[in-house]
Protein chains: 2
Amino acid sequence: MEAVDHLAPERNRAQFDVEEMKIVWAGSRDAFEVSDRMSRLVASDPVFRKDNRPMLGRKELFKNTLRKAAHAWKRIIELRLNEEEAYRLRFYVDEPAFTDLHWGMFIPAIKGQGTEEQQQKWLPLAYKMQIIGCYAQTELGHGSNVQGLETTATFDPQTDEFVINSPTLTSSKWWPGGLGKVSTHAVVYARLITDGQDQGVHGFIVQLRSLDDHLPLPGITIGDIGMKFGNGAYNSMDNGVLRFDDVRIPRNQMLMRVLQVTREGKCVQSNVPRQLIYGTMVYVRQTIVSDASCALSRAVCIATRYSAVRRQFGSHNGGPETQVIDYKTQQARLFPLLASAYAFRFIGEWLKWLYTDVTGRLQANDFSTLPEAHACTAGLKSLTTSATADGIEECRKLCGGHGYLCSSGLPELFAVYIPSCTYEGDNVVLLLQVARHLMKTISQLGSGKKPVGTTAYMGRVEQLMQCRSDVQIAEDWLKPNVVLEAFEARAARMSVACAQALSKFTNPEEGFQQLSADLVEAAVAHCQLIVVSKFLEKLQQDIPGKGVKQQLQILCSIYALFLVHKHLGDFLSTGCITAKQGSLANEQLRSLYSQVRPNAIALVDAFDYTDHYLGSALGRYDGNVYPTLYEEAWKDPLNESVVPDGYQEYVRPMLKQQLRNARL
Amino acid sequence: MEAVDHLAPERNRAQFDVEEMKIVWAGSRDAFEVSDRMSRLVASDPVFRKDNRPMLGRKELFKNTLRKAAHAWKRIIELRLNEEEAYRLRFYVDEPAFTDLHWGMFIPAIKGQGTEEQQQKWLPLAYKMQIIGCYAQTELGHGSNVQGLETTATFDPQTDEFVINSPTLTSSKWWPGGLGKVSTHAVVYARLITDGQDQGVHGFIVQLRSLDDHLPLPGITIGDIGMKFGNGAYNSMDNGVLRFDDVRIPRNQMLMRVLQVTREGKCVQSNVPRQLIYGTMVYVRQTIVSDASCALSRAVCIATRYSAVRRQFGSHNGGPETQVIDYKTQQARLFPLLASAYAFRFIGEWLKWLYTDVTGRLQANDFSTLPEAHACTAGLKSLTTSATADGIEECRKLCGGHGYLCSSGLPELFAVYIPSCTYEGDNVVLLLQVARHLMKTISQLGSGKKPVGTTAYMGRVEQLMQCRSDVQIAEDWLKPNVVLEAFEARAARMSVACAQALSKFTNPEEGFQQLSADLVEAAVAHCQLIVVSKFLEKLQQDIPGKGVKQQLQILCSIYALFLVHKHLGDFLSTGCITAKQGSLANEQLRSLYSQVRPNAIALVDAFDYTDHYLGSALGRYDGNVYPTLYEEAWKDPLNESVVPDGYQEYVRPMLKQQLRNARL
C-alpha cells in the first residue's frame, strides 16, 4: 500500500500539543519513553504477529502462545531489560499467557505470604523461570466465597507433611490461568486441618509436574477447562482444572508468614499483621484499574479514528457524505468514553500513589487508612472494569457492521477484557463491600470518628443534605465546585437514605440483604464521586504543553456531566439539583462535544498505540480502512479455495435434487 | 450420568400451571405442538450436534454447516414438512446458514419486487433449491445509506442487457450472508443507469456461479469476508464480498414490479404502489422482534436455572450456602430480563397482527396507517434487539466466571445475536426515524390530523402535559391506568420538549441534527410505552390456566416499574411523577421480585427449550451443572495430550535455562 494519511486533516485541526499530551497520558517522560520503545520493539518483531489469531485452532493458538512467551523471555534476557521494561514488553505482546500468572500472582503470593526463608528458596527459581507457577484458588463450586473452599491440607505429624486432597467434585480447582498445561508449581489454597481442627484457608506451594518430563506428579490430575469467549482472546491461556488425591508436601511448603504450623502441628500466629493481605489486594486491583484505562482507550482509539474515516448520508450536490463523527448521536456515545478513558487513567495513577501511601503506613504499623483504601480500591476496580467492558462493546457498535469483523480488533478486545469484571472480586460483590464501608462510616459519624480519605466528605453530611445547587446557566456546570458539590450531595444523600432504610430493620443483616440493590447504587455514586474529584484534583496541578490542560478540562467536564445526565434520576430524586439544572447540564454537554470534536483524533493519538497493538483495520493510524479490510478478508482459510470444501457432498446434491439418495 | 433433577424442589414451588403457560408463550396450542415436535426432532438427531462448534476451525465449521443444511432439507422433504414446520426445524438447528438468506431475503425480495412473470420463473427454482440465492445490498462503503450505493447497472439498448459494475473498491458488495461460498444467485442492488441518467437504486437477479461446477461466472469475484465475533456464532455463515467487472444480465432480470425499463431503455412506473416496500420492512422487522424474545428468553432460562443451582456464601452451622437467585442484587438484574422476555414475546405477537392489518389495508389501497406502523416496527426492532443484546451479556455476568466458558452457551448466544442491532436498520438510525415520525405527529396536531395507532395518545397531549400521578402507596403502582398514564405522560412530554427545542432553530434539519441525542431518548420513551401498553392489553384478554394470568400480571408490573426505576430521570424531569412516587415504585418492585422468586424456574420452563437448543452446561433442565462442566472440559483439543504440543520447543528450554541457544 502506498503511504497515505487520510487523517492528516484531522490531525491538523488539533488545538493542543499532542506530544505533551502523550507524556501526561504515560504519567512521565520516562514512562512514555519506555512504553514507546517497547511497543515498537514488539510491533517490529514478526514472532509477535497477532492478526492470524482468530483463525487458529485451539492447539495451534496455544502452541503459538508458548512460542511468543519463550521468545519474549529470550528477548528480555538478551536485551537485559529491567523489570519495568520487561513488564511493558509483555504488555505489548498483548496475549494472555501463563506468564501473566507467574509474574502477577505466583511470585507476589510468595513475596506477600512466604517467610524470609521461603522467599529465599523459591523466588530465585521463579525469577529465572526454572519453575513456572500459578495461583490455584478458585474451585468449581467456589469463587467469591474464598472461605468456602473445599480442598483440604491435613497435617500429618507422623511424616511432618501436609496431605492435599480434593474431597468432592466441586472442590476441583477450576479457572487458574497457567495451570492447565504449563505450570510446574502452584500456590494452592486449601483448608488447613491440624489435629482434626479446621483452621481456615491458607496457601501452600505444591509442585504439580515433573521437571524432567512435565508429567503430572502422582495423585495429581490436571487439564484445561475448555474454550472460552472469543476467537483468540483467553483461549491462549490454559485455565485449568486440578484435583488432588492425597498428595503429600513437606511442612515447610505452607506459606507461613502470618500463621505457622509447628513440627507438632500447633498453629502459631506470627507478629506479622494479617492486614498485610489487604495491602496486596490494593496493589493487584490498582493494576486492574490501570489496565481498564488501557483497554478502554484502545477501543476508543479504534472507534474515533474509524468514525472520522467513515462517511454516511448527508451528501449535498454530489459532495462527500458526512463523517459519522460529526453526528451528535455518535458524539454523545463516543466522547463520554473518550473522557472516561482519561478519567480512568488518572484514577489509576492516583491509586498507585494510594498503594504507596498505604504500604508506608503499614510498615509504620498505621492501619487507620486501610479499610478506606481497601473499600476505595475495590469500588474503583468494579466501577472502571464494568464501564470499560460496556464501553468496548459500545465502541464496537459505534463502528457499525464492520465492528463485528475480527479484523476490526474489537470482538477480541471485548472477549479478552470482560473477565476482569469477575476476577479479583466479582464487581457486584465488591460494590456491596463498598456499601458496607459506607454504612459503617455513617454509623460512626455520631461517635465523632472522622471519616478519612475518599469518605472525608461524609464529615460534611449535614451540610450536604441541605445544599441546593446554584447553577443558573449552562456554563455554571463548568465550575469545579459546582460539579463536586453535586456529586458529593448525591452520594451522601443516597448513602444516608440507605442508612435510614436499614435502621428500620430489626436484623441489620436482613436489612442489608433486602436493600442490597439500592446499596449497590449508593456505592456506585460514591465511586463516581471519587473519579470526578481526582480528575478535578489532577487539573489543579501544573500541566505543561500548549492547550493540554484545556483539553483535559473539557474531558473532565464531559465525564462529570455525562454522569449527571445518565444518573439524572439519582440527582433529581435526592434533590441536589433541579430538573432545570439537569437540562442545563445536558445543554452544556452538547457544547462540550462540539469543543472536543476537532481534537478527537489528536486525543486518541496521544495514547501512542502502534497499529500492531491496536490490531484493527478500522483503527489504523493512517485511516486507510477499506483497502485493509478488503485485504484482510482474503486471508481467511475459507478463501483458500474458490469452491468450498463440502460443495460436492452437500451443496451439489441439493442443487441437483439428488438429496434423497445422498449419504450425509 | 444418573437421572437427577436438582431443580425438582424449585418446580414444586410454582404457583401456576406451567403447561398452560407454555401455550401462552407459544401463542397457541397448535404453535406449541409444532414447535415442541420440531425441537425434539432436531435434538434427537446426531447430525445436528452443536456442542463441538467452538472447537472447530473455520473450514471444518463451515463444512459442518453445509452438512446440517443438506440434512435439514433432506428431512424436510422426507417428512413432507409444511412451511411452518420447516421454518421451526431450521430454527432449532440453531446455526446461521446460507439458507436463512435464501428463504428469508432472496425469496421475499423476488415475491415483493418481482413481476408475476418473474415470480413464475424464479420462485419454483428457489423453492426446490435448484438455485440458492442471497441478498446483495450493503457495500464496503455503504450500509445504512442505501441510496448511496455505488454499484451500477447500466442499460445497454444495443444488447437489451444491463451491465453490472463495481466502479470503486468501496462499491464491493460486503456482508451479504450466503454470498461468499454457496449462493448461485443474488438479488443485487445497484444504481440503475439508463441513457446516462441515474435512476436510483433497484434490485437485479444476477447469477453468480456456474450451476455445473460452482465456479464464479466471468467478471465476478467472490470471497468470504473473514472471521467474525465469537467462536462458532456467525462464522458458520459465508458473509461475502462481491465485485463485478462489467457483468451482463438480460433486461428481464431487473425486478420490475414497481419500475419497468422498456426495450428502449425508458423507465415506466407501474401502478403498484411504492409503499409496498414498507410493508415488507414491517414483515421482516416483525420477525426480528419475535427472534429477540427467543434469544433473550434463552439466556434468561440459562441464568435462572444456574442461579438456582449455584450457592455462595451465607452458610449457617454447616448448612448449605444460599442459592444465588435468593440475593436481591441477583433478582434485581435477572427478573427484569425475565419480564422483558415475556414482554417482547407479546409485542412480537402484536406486531404479527399489525403486519396482517397493514397488508390488508394496503391491498385496499389504504395507506393511512402505514407511516405509523412503519415507525412503530422500526422502533420496536431497535428497542427489543438492543435490550436483548445487553440482556444476554447481563445473563452471562449473572452466571459469574462459569458464564465465560463456551460450555455455558452464553458467549455464543451473545456473539450470534448482536448483529441484529445492526442489520435491517442500525438501531440508532431507526430511533431517529421514529423521532422524525413523532415530531411530524406533533407538528400536525394543530392541523386537526388525528394521530393513529400507537401514537393515538398524542391526541391527548394537553391533558398529558398537565397530569400528576396520584400514586400514594406502593401498591398503587400495580394499577394499569397509573402505569399507563405515567408512561404516556413521560413519552408525550419528552417529545413535546424536543419539538419546542426544535422550533427555536431556523433550519429544522440543523435543529434535528443538534438535538438528535435527545430525540433518540424521546423515541425510546415512546417505544417503551408501546411495549408496556400492549402487555397491559394482553392482560385484558381471557387467559386460562391456574395462576397463569397472575404471573403475567406480576411480570408486566416488573417490566414497567423496572423501566420507571431505570429511567427515573425522565419521569422526574418531565414532572409526571414525584421523587417520592419514584421511590414507591422501587419499593413495589422489591416486593414483586419476592413474588416472582418461587415461580422463576417454572417461568423459564414454560419456554419449552430442549437441552440441545439451550446448549448450556449451566442451563440444563435437570440442574446437573458441575458434572457436566467437568465432563465438557475434557473434550477440549488441548486435553488430547497431557504434555502440550510446544513443550519441547518452548517450555522446556525456558525451564532448563537453554533459551539463549534455542531457535524459536
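Remember, it's a predicted structure, so these values are computed and weren't measured experimentally. (Residues numbered from 1 in each chain as written. Chains lettered and ligands numbered in written order. Predicted model: local features only at pLDDT ≥ 70, side-chain atom pairs only at ≥ 80, totals over all residues. Heavy atoms only, no water.)

Residues and elements named next belong to chain A. Across the sheet, which stays open at both edges, the 3 strands sit in the order 4-8-7 with antiparallel pairing between neighbours. Where the open sheet ends on each side, the last strands, each with one partner, are strand 4 (173–174) and strand 7 (220–224). Of the strand pairs in this sheet, strand 4 and strand 8 (residues 240–244) are connected by 2 bridges, and their pairing is antiparallel. Among the inter-strand pairings, lysine 173 is bridged to a residue of strand 8, identified as leucine 242. (Pairing = 2+ DSSP bridges. Helix = DSSP H or I, 4+ residues; strand = E, 2+ residues; numbered from the N terminus.)

Negative phi characterises most residues that are not glycine, and trans characterises most peptide bonds. Residue and element names in this part refer to chain B. Not every positive phi belongs to a glycine, and aspartate 246 is a case in point at roughly 50°. Phi at phenylalanine 313 is positive, roughly 70°, even though this residue is not glycine. Along the chain, phenylalanine 313 turns up in the loop between helix 8 (276–309) and helix 9 (328–363). A relative accessible area of 32% means that phenylalanine 313 is categorised as partly exposed. (Buried < 20%, exposed > 50% of the residue type's maximum accessible area, 1.4 Å probe, protein only.)

Looking now at the packing of helix 4 (residues 58–78) of chain A against helix 23 (residues 647–655) of chain B. The interhelical angle for the contact between helix 4 of chain A and helix 23 of chain B, taken along N-to-C directions, is 35°, at an axis separation of 9 Å. Where helix 4 of chain A crosses over helix 23 of chain B, the two elements pack in a sense that is left-handed. Residue-level contacts link Lys63, Leu66, Arg67, Ala69, Ala70 and Trp73 of chain A of helix 4 of chain A to Tyr647, Glu649, Tyr650, Val651 and Met654 of chain B of helix 23 of chain B. In terms of residue class, the contact of helix 4 of chain A with helix 23 of chain B is made up of 8 nonpolar, no polar and 3 charged. (Axes fitted to C-alpha atoms, helices over the stretch in contact; angles between N-to-C directions. Left-handed = near helix turned anticlockwise from the far one by under 90°. Contact = heavy atoms within 4.5 Å. Nonpolar A, V, L, I, M, F, W, Y, C, P; charged D, E, K, R; others polar.)

The next thing to look at is the packing of aromatic side chains. The description of two aromatic rings rests on the distance between their centres and on the angle between their planes. Applying the stated criterion across every chain, the model contains 56 aromatic pairs over all chains. Here the aromatic cluster, defined as three or more aromatic residues joined through ring pairs, consists of Trp175, Phe229, Tyr234, Tyr404 and Phe414 of chain A together with Trp175, Phe229, Tyr234, Tyr404 and Phe414 of chain B. Stacked on the ring of phenylalanine 512 of chain A, the Lys or Arg arginine 436 of chain A has its end atom at 3.9 Å from the ring centre. The ring of phenylalanine 91 of chain B has arginine 88 of chain B lying over it, and the distance from NZ or CZ to the ring centre is 4.8 Å. (Phe/Tyr/Trp six-rings, centres within 6.5 Å; stacked < 30°, edge-to-face > 60°. Lys NZ or Arg CZ within 6 Å of the ring centre and 35° of its normal.)

This paragraph deals with the pairing of strand 9 (residues 247–250) of chain A. All names here are of chain A. Here strand 9 shows a clear split, with Val247 and Ile249 buried on one side and none of Arg248 and Pro250 buried on the other. In terms of strand pairing, strand 3 (residues 161–165) meets strand 9 through 4 bridges, oriented antiparallel. The residue of strand 9 that forms the bridge with phenylalanine 162 is isoleucine 249.

Take the pairing of strand 2 (residues 152–156) of chain A next. Regular strands place their side chains on alternate faces of the sheet. All names here are of chain A. Counting buried positions along strand 2 yields 4 of 5 residues, so the element is predominantly enclosed. Bridge count for strand 2 against strand 3 is 5 bridges, and the pairing is antiparallel. Across the sheet, threonine 154 pairs through a bridge with valine 163, a residue of strand 3. Hairpin connection, strand 2 to strand 3: the antiparallel pair is bridged by 4 residues, and aspartate 160 has positive phi, about 60°. Of the strand pairs in this sheet, strand 2 and strand 5 (residues 185–194) are connected by 3 bridges, and their pairing is parallel. If you follow threonine 154 over to strand 5, its bridge partner there is isoleucine 193.

Turning to the environment of threonine 115 of chain A, a few remarks are in order. All names here are of chain A. Relative to the elements of secondary structure, threonine 115 occurs in the loop between helix 6 (98–113) and helix 7 (116–127). In sequence terms threonine 115 and valine 258 are 143 residues apart; their C-alpha atoms lie 8.4 Å from each other. Ignoring any residue separated from it by four or fewer positions in sequence, one finds threonine 115 in contact with Met256 and Arg257.

All names here are of chain A. Taken as a whole, this structure holds 92 salt bridges over all chains when the rule is applied. Taking the shortest distance from any N to any O, the salt bridge between arginine 333 and glutamate 394 comes out at 2.7 Å. With arginine 333 in helix 9 (residues 328–363) and glutamate 394 in helix 10 (residues 370–398), this pair connects stretches of sequence that are 61 residues apart. For arginine 333, a relative accessible area of 21% corresponds to the partly exposed category. Judged by its relative accessible area of 22%, glutamate 394 is partly exposed. Overlapping salt bridges bring together Glu19, Lys22, Asp36, Arg40 and Asp608 as one network. (Salt bridge = Lys/Arg side-chain N within 4 Å of Asp/Glu carboxyl O.)

Turning to the UniProt feature "binding site: FAD" (unreviewed entry) in chain A, a few remarks are in order. All names here are of chain A. In this numbering, the UniProt entry assigns the feature "binding site: FAD" (unreviewed entry) to Thr138 and Gly177. These annotated residues cover 40 residues of sequence, and their C-alpha atoms all fall within 10.6 Å of one another, placing them together at a single site. One can find threonine 138 in the loop between strand 1 (133–136) and strand 2. Note on threonine 138: relative accessible area 23%, which makes it partly exposed. Once residues within four sequence positions are removed from consideration, threonine 138 is found in contact with Gly143, Leu149, Ser172, Lys173, Trp174, Trp175 and Pro176. A distance of 2.8 Å separates the side chain of threonine 138 from the backbone oxygen of tryptophan 174, its partner in a polar contact. Examined against the element boundaries, glycine 177 turns out to sit in the loop between strand 4 and strand 5. (UniProt positions renumbered as here; feature names shortened; annotations may be inferred. Polar contact = N/O pair within 3.5 Å; in protein donor to acceptor, adjacent residues only side chain to side chain.)

Attention now moves to the interface of chain A and chain B. Contacts between the two partners involve 131 residues from chain A, matched on the other side by 131 residues from chain B. Taking both partners together, chain A and chain B bury about 11,700 Å²; carbon and sulfur atoms supply 64% of that area. Three residues, Phe229, Tyr404 and Leu638 of chain A, lead the burial of chain A against chain B; their summed loss comes to 7% of the area buried on that side. In this structure, glutamate 649 of chain A engages lysine 63 of chain B in a salt bridge whose closest nitrogen and oxygen atoms are separated by 3.3 Å. Connecting chain A to chain B are 66 residue pairs in polar contact (both at pLDDT 80 or more). (Buried area = accessible area lost by both parts, 1.4 Å probe.)

By a simple turn and slide, chain A fits onto chain B: the slide is 0.0 Å along the axis, the RMSD is 0.0 Å, and the turn is 180°. In the structure described here, the two chain copies are related by an operation that fits a two-fold rotation axis. In terms of C-alpha distance to the rotation axis, chain A has glycine 569 of chain A as its closest residue, with the C-alpha 1.8 Å off the axis. (Least-squares fit on C-alpha atoms with pLDDT ≥ 70 in both.)

Now for empty space enclosed by the protein. A complete count under the given rule lists 3 cavities of 30 Å³ or more for this structure. Estimates place the volume of the largest cavity at around 150 Å³. Contributing to the lining of the largest cavity are 18 residues, with Pro54, Leu56 and Met227 of chain A together with Pro54 and Leu56 of chain B lying nearest its centre. Listed by contribution, the elements that provide at least two residues to the lining of the largest cavity are helix 4 of chain A together with helix 4 (58–78) of chain B. Its residues assigned to classes, the lining of the largest cavity shows 10 nonpolar, 6 polar and 2 charged. Of the pockets and cavities examined, the second largest cavity occupies roughly 40 Å³. Taken together, Leu638, Ser641, Pro644 and Asp645 of chain A together with Lys59 and Phe62 of chain B form the lining of the second largest cavity. Of the residues contributing to the lining of the second largest cavity, the split by class is 3 nonpolar, 1 polar and 2 charged. (1 Å grid on protein atoms, 1.4 Å probe; cavity = no way out; pocket = protein on both sides within 12 Å on 5 of 7 lines; lining within 4 Å. Points joined across faces, edges and corners; volume = space filled by probe spheres on them.)

Residues and elements named next belong to chain A. In the contact formed by helix 2 (residues 18–26) and helix 3 (residues 29–43), the axes pass within 7 Å of each other and the chain directions differ by 95°. One way to sum up the angle between helix 2 and helix 3 is to call them roughly perpendicular. Between helix 2 and helix 3, the residues in contact are Glu20, Lys22, Ile23 and Ala26 and Arg29, Ala31 and Phe32, respectively. Here the contact of helix 2 with helix 3 is composed, by residue class, of 4 nonpolar, no polar and 3 charged. (Parallel < 35°, antiparallel > 145°, perpendicular 65-115°, else oblique.)

Let us now look at the side chain of asparagine 239 of chain B. All names here are of chain B. Tracing the backbone through its elements, the reader meets asparagine 239 in the loop between strand 7 (220–224) and strand 8 (240–244). Judged by relative accessible area, asparagine 239 falls into the buried class, the value being 7%. Among the polar contacts made by the side chain of asparagine 239, one reaches the main-chain carbonyl oxygen of tryptophan 175 at a distance of 2.7 Å. Apart from residues no more than four positions distant in its own chain, asparagine 239 is found in contact with Trp175, Pro176, Gly177, Gly178, Gly180, Gly223, Asp224, Ile225, Lys228 and Tyr234.

The subject of this paragraph is the domain arrangement of chain A. Residue and element names in this part refer to chain A. Taken domain by domain, chain A comprises domain 1 (133–272) and domain 2 (277–605). Contacts between domain 1 and domain 2 engage 7 residues on the former and 10 residues on the latter. Taking both partners together, domain 1 and domain 2 bury about 640 Å²; carbon and sulfur atoms supply 66% of that area. Three residues, Phe229, Ala233 and Tyr234, lead the burial of domain 1 against domain 2; their summed loss comes to 64% of the area buried on that side. At the boundary of domain 1 with domain 2, the tally comes to 3 residue pairs in polar contact (both at pLDDT 80 or more). Of the residues contributing to the side of domain 1 that touches domain 2, the split by class is 3 nonpolar, 4 polar and no charged. (Domains from an automatic or database assignment.)

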